[in-house]
Amino acid sequence: MIEILEPSIVTLNVNGVDRKVTVKPSDTLLFTLRNELGLTGAKPGCENGDCGACTVLVDGWPIKSCLMLTVEALGKNILTVEGLKNTTIQKAFVENFSFQCGYCTSGFLMVCHALATVQPDANEAVIEEWLQSNICRCTGYEEIGNAIKSTLNQINTMQG
Amino acid sequence: MSDTKQIGVTTVRKEAWDKVTGAAKYTGDTITTGTFHGKILTSTCAHGLIKSLNIEKAKRSKGVQAIITGEYLPALTGSIIKDHPPIARNKVRYFGEPVALVVANTEQEASMGVNLIEVEYEPLPVVNSISDALKPNATLVHEHLGTYYCPDATVYPKAHTNMADQVKIRKGNIELGWAESEIVVETTINLPGSDHLSIETRVAKAEILPSGIVNIYTSSQGPFAVKEEISKNYQIPEGNVVVHTPLVGGGFGGKAAIQLEPLVYLASFAVGGKMVVLSMTREEDIMTSPSKISTEGIIKLGATKEGIIKALECVYYVDCGAYTDTGPRMAKSIAIDCSGPYNIENILCDSISVYTNHGYSTSFRGFGHTASTFGIERAIEKLAKKLNMDPFDIRMKNAITEGNTSPTQEKITFSNAGNLVACMQKLKEIINWDEGNIRQTEKGTIIAKGISSFWKTSNSPTNASSGVILTLNDDGSLNLNFGAVEIGPGMKTTAAQILAERLKMDISSIHVFMDVNTQLSPKHWKTVASMTTFMIGNAVLGAANDFISQLKEIGGIALECSQDELEVANQKVFISHRPDIFISFKDLVHGYQYTSGMSIYGQIIAKGSYIMSRLTPLDRETGKGKPAVSWTVGAQAVEIEYNPKYYSYRLLRAASVIDAGKVINPKAARGVVMGGMSMGLGIATREEFIYDPKAVLSNTSLRTYKLLRFGENPKYAVEFVETPQIDGPFGARGVAEHGILGIPAAFANAISLAADDEFNDLPVSHETIWKKKTGGKYDTL
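Residues numbered from 1 in each chain as written. Chains lettered and ligands numbered in written order. Predicted model: local features only at pLDDT ≥ 70, side-chain atom pairs only at ≥ 80, totals over all residues. Heavy atoms only, no water.

**Let's talk about the interface of chain A and chain B**
As a reminder of what qualifies: Only heavy atoms matter for contacts: two residues are in contact if any of them lie within 4.5 Å across the pair. In short, buried area is how much 1.4 Å probe accessible area vanishes from two parts on joining, totalled over both. Just to be clear on terms, a salt bridge is a Lys or Arg side-chain nitrogen sitting within 4 Å of an Asp or Glu carboxyl oxygen. In protein, a polar contact requires one atom able to donate a hydrogen and another able to accept it; more generally it is a pair of N or O atoms within 3.5 Å, and residues adjacent in sequence count only if both atoms are side-chain atoms. Comment: elements are numbered from the N terminus, with helices defined as DSSP H or I runs of at least four residues and strands as E runs of at least two. Any residue outside Ala, Val, Leu, Ile, Met, Phe, Trp, Tyr, Cys, Pro, Asp, Glu, Lys and Arg is labelled polar, Gly included; the first ten of those are nonpolar and the last four are charged.
Contacts between the two partners involve 49 residues from chain A, matched on the other side by 56 residues from chain B. Together, the buried faces of chain A and chain B total about 4,100 Å²; carbon and sulfur atoms form 57% of this surface. It is Phe97, Gln100 and Arg137 of chain A in chain A that bury the most area against chain B; as a group they hold 21% of the surface buried on that side. Across the pair Asp50 of chain A and Arg703 of chain B runs a salt bridge whose closest N-O atoms are separated by 2.4 Å. There are 24 residue pairs in polar contact (both at pLDDT 80 or more) connecting chain A and chain B. Counting only elements with at least two residues in the side of chain A that touches chain B, the list comes to α1 (29-36), α2 (88-95), α3 (105-118), α4 (124-131) and α5 (142-159) of chain A. In terms of residue count, the dominant contributor to the side of chain A that touches chain B is α2 of chain A (five residues). Here the residues of the side of chain A that touches chain B are counted per class, giving 19 nonpolar, 19 polar and eleven charged.

Okay, here's the thing in structure tokens:
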């Protein structure tokens, strides 16, 4: 077990790379990603777990990084939006105009990317359940729905 | 214009890939070491005297650099009425108002400092509603209202009252209107306050350099307004204030207000000019920063038996909260368009702005028109019911058209307003109106449709202007620079499309300066009022024309021919009848070089500017005047499924048809309209500020302030009619706010029909229906 009682240097695996960072026990993962590692794709929107703008993947699952302490993420694989490279879901977001201001986009992308990986055969109800975790204020959500559906279709066609 | 290549073609926004990779930078994303952090102590009391404020303990707290209170460089702010101290002084007027600002090395240390400040209030009676504000001998929110300076000369605050302004419309002869009316209806409406809820909370930073330059970084819709306000309030030469605004994470009007900028300026001043950042938490963004007005209205309509509207008498009360900001201007907007897009010859309207002890308000998408639309549309619905007329027919009969006049007595044309009848006809098809607007399903639920028309005009200062600068790169590509902020709708890309179209070139060779820097970018009034495409677009066309004439001048020398023979396309200047004889942009960047090596002309720098012309203030007694250049009209519908057993409903479909003049970027335009509709459904079904009896706002987080989430949205249909606005760029008119306008009314019309009751108070939740239908009595399960 790791015990961290004061600011300490720890190793965090982010986007496939081990990064040494200084953390205080109270630092949230969101804070460390943004302020220590300069990965500002994850956004603070409420810092209360309500809006999902800070969503990253921890061992492949969407986590609101404002609700996780950095020390809880030690030894896990963290994927942020900066780690997505030319993925189907990013292209789908661009093609479907699934964002306007772009502030909630990183969070939605991470949820969608995880869904496409974890449950590519998701039906409407499952998609809805997953994407209700995040809030978008600019779009009508339909555009985001179109992006995830086209992504899942593409994956299923390739696999089928 | 049907053979155009760039206009009317869906174009991926310029910054799209930055936004899907986390590379896009917003104000809070530039994190610099050595920056101090500010934290606000907010008032826990909605109205009270500050009896004591003890900052001694906090001053000694670890990491604290400075604490400022209302006594520090006091100055009142406000774009209409200077009534607002950035930090409360002597008294607090709303729950959440800044009382002190702690500056410390870190955010945590600043928060700890805030917790150590001791403040004691002597509570005063609260003004907790519009009726509280207007009753005789009401408690005054501002005792010195009569003494405030009003930067806007057309606002009339009434001393010793809570009335900030009153706008009057007197058109035609209202007595005659009533005499001609065979039927009269009256409707009372109520739209509560609510929040913009941009996902990016407000954030601002400031530093003061030894040279005297004040750098302000802010998530603002009005960086040029910030520059002006900071300069005036703190006596800094305006050129010394440089405001930087990168991408903004949603605005919806809420970031047009100036709030954090004076605070960070003061904070930086207090610590010797070092950079100080102030970033609002969600709770602060809701309770401390400005929000949407609440509105009450009484609307009386008179009509003939055939359903021709003859008279409209209405009064609207706008609750601005503790400070006016742009509240009185929204009240004015309600008045100038109070008839909705209907031809009404006799109008009497009063629109009154009042102060209360609620959070203060600022511009919100629709700028008052959601309320005025709700008022007129609910009244028309009642009229239709009373006359036993089809809701569609009554609207068609009264639809405004060329030759009619507006409430401010401006002449309506197809160019300056669009074609409402065409919008309504299209809507009718989309929503299959002819199959009927109500039916019962086999499950026992009721499917009902409601419709609404709308119109909106801007209500800008009569000298609102825009500018554009074009420069060339050595590769022959262009830089497009203007001062509108990319808050989301994609206007930076729209402007590039307009430029590409005019220059007949590929949009990929147009680079848009995505940020705004008030020192580099030409002034743009504010990124508000759905006017950006119109204003910037016209300035872009001006700059393109300037660019073309410079190119032709220099091209005539290079190609040894008359300028009149030249054309510009595909980044080349060529002889129109011999396109093979040309010179490329890249060879003209620095002027023209003769074969001898000698050069002439120098860099090509083109400019364009636009100002809305011939606007006038309104006459104080009649409201006659020209507040804006144009309207946008449209029609909307909402279809719901109502379950009478549980008083619950589902949103099935929502549709909009808007006369956009010319759609420049179709997918982007549809998206922005859909987003507006989504926000309208939020206002219709759930969003509202709830104040307790002491005027304390009780829903300040996203747990208690509920928004529409994924899957709760209906199926959307968005269509456009294109009646060109002659003075718009390629005929385009504004559409960015409009999706919101008629949705609450259409929804209320649908639910009122389905539940067979009148729903005139928003939002209409399942609980409201249950209360209304049962009187709030619990049923046995």
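**A look at the domain arrangement of chain B**
Residues and elements named next belong to chain B. Heads up, the condition is: Bear in mind that the domain bounds are from an automatic or database domain assignment.
Taken as a whole, chain B is organised into domain 1 (16-23 + 463-611), domain 2 (32-126 + 196-287) and domain 3 (294-460 + 616-774). Between domain 1 and domain 3, the C-alpha centre-to-centre distance is 39 Å. At the junction of domain 1 with domain 3, the criterion picks out zero salt bridges. Our count for the domain 1 to domain 3 interface comes out at four residue pairs in polar contact (both at pLDDT 80 or more). Of all the secondary structure elements, the ones that give two or more residues to the side of domain 1 that touches domain 3 are α14 (491-503) and α15 (532-558). A total of six residues in the side of domain 1 that touches domain 3 trace back to one element, the largest contributor, which is α14.

**Focus: the packing of aromatic side chains**
Note the following rule: Here is the rule: rings of Phe, Tyr and Trp (six-membered ring for Trp) pair when centre to centre is within 6.5 Å. Planes less than 30 degrees apart are stacked, more than 60 are edge-to-face, and the remainder are tilted. Cation placement over rings: the criterion is NZ of Lys or CZ of Arg within 6 Å of the ring centroid and within 35° of the ring normal.
If you walk through the whole model with that rule in mind, you get 17 aromatic pairs over all chains. These aromatic residues form a ring-pair network of at least three members: Phe108 and Tyr141 of chain A together with Phe710 of chain B. Over the ring of Tyr217 of chain B we find Lys205 of chain B; its NZ or CZ atom is 5.6 Å from the centre of that ring. The aromatic ring of Phe392 of chain B is capped on one face by Lys428 of chain B, whose charged end is 5.4 Å from the ring centroid.

**So, the domain arrangement of chain A**
Residue and element names in this part refer to chain A. What the domain assignment lists for chain A is domain 1 (8-80) and domain 2 (88-159). For domain 1 and domain 2, the distance between their C-alpha centres works out to 22 Å. Counting residues at the interface gives 16 residues for domain 1 and twelve residues for domain 2. Summed over both partners, the interface of domain 1 with domain 2 comes to about 1,100 Å²; 68% of that surface belongs to carbon and sulfur atoms. The interface formed by domain 1 and domain 2 includes five residue pairs in polar contact (both at pLDDT 80 or more). Elements represented by at least two residues in the side of domain 1 that touches domain 2 include exactly β3 (55-58) and β4 (61-64).

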